[in-house]
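Remarks on the overall topology
Residues per chain, in single letters:
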Amino acid sequence: IQDKALVVRSAAIEVLKVVDSEKVRPLFWQELDKPYNFRGGQSLWVRSMMLEYLALKPELQERQKFERLLTDADRKIQRHASRAISRLSSRLR
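Below or above, wherever it landed, is the structure these notes cover.

About the criteria used
Residues numbered from 1 in each chain as written. Predicted model: local features only at pLDDT ≥ 70, side-chain atom pairs only at ≥ 80, totals over all residues. Heavy atoms only, no water. Helix = DSSP H or I, 4+ residues; strand = E, 2+ residues; numbered from the N terminus. Buried < 20%, exposed > 50% of the residue type's maximum accessible area, 1.4 Å probe, protein only. Lys, Arg positive; Asp, Glu negative; His and termini not counted. Salt bridge = Lys/Arg side-chain N within 4 Å of Asp/Glu carboxyl O. Polar contact = N/O pair within 3.5 Å; in protein donor to acceptor, adjacent residues only side chain to side chain. Contact = heavy atoms within 4.5 Å. Axes fitted to C-alpha atoms, helices over the stretch in contact; angles between N-to-C directions. Parallel < 35°, antiparallel > 145°, perpendicular 65-115°, else oblique. Left-handed = near helix turned anticlockwise from the far one by under 90°. Nonpolar A, V, L, I, M, F, W, Y, C, P; charged D, E, K, R; others polar.

**Quick look at the side chain of Asp-74**
Positionally, Asp-74 belongs in the loop between helix H4 (63–68) and helix H5 (75–92). Buried charged residue Asp-74 carries no salt bridge. Nearest counter-charge: Arg-47, at 4.8 Å. A distance of 3.0 Å separates polar atoms of two side chains, one belonging to Asp-74 and the other to Ser-43. A polar contact of 2.8 Å, which involves the side chain of Asp-74, links it to the backbone nitrogen of Lys-76. Beyond its immediate chain neighbours, meaning those up to four positions away, Asp-74 contacts Ser-43 and Arg-47.

Below, the structure is given as structure tokens:
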């Protein structure tokens, strides 16, 4: 997941999503804002891949992290964050 090659990072994310271990969530949160997941200030698709996974089953303690991402420059990131917050809100009703 920390490989220089974007294709390798992308493949690693796909494998980790299938593994679905309790170690994947904290790893994805750590990796989301790493400089190598941006190019020229633009978000790379691997960030969206990780956040899509995180947003599927958001955890209550992650709400602030998702809220912070609502202002991310990448619209895909914003959409995933919004969906996660909606899922969390529906659980609280």
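**As for the packing of helix H2 (residues 24–31) against helix H3 (residues 45–56)**
H3 packs onto H2 with a crossing angle of 140 degrees between their chain directions and a minimal axis gap of 10 Å. Between H2 and H3, the angle falls in the class oblique. H3 is crossed by H2, and the crossing has left-handed handedness. Along the contact surface, H2 presents Val-24, Arg-25, Phe-28, Trp-29 and Glu-31, while H3 presents Met-50, Leu-51, Tyr-53 and Leu-54. Residue classes in the contact of H2 with H3 are distributed as seven nonpolar, no polar and two charged.

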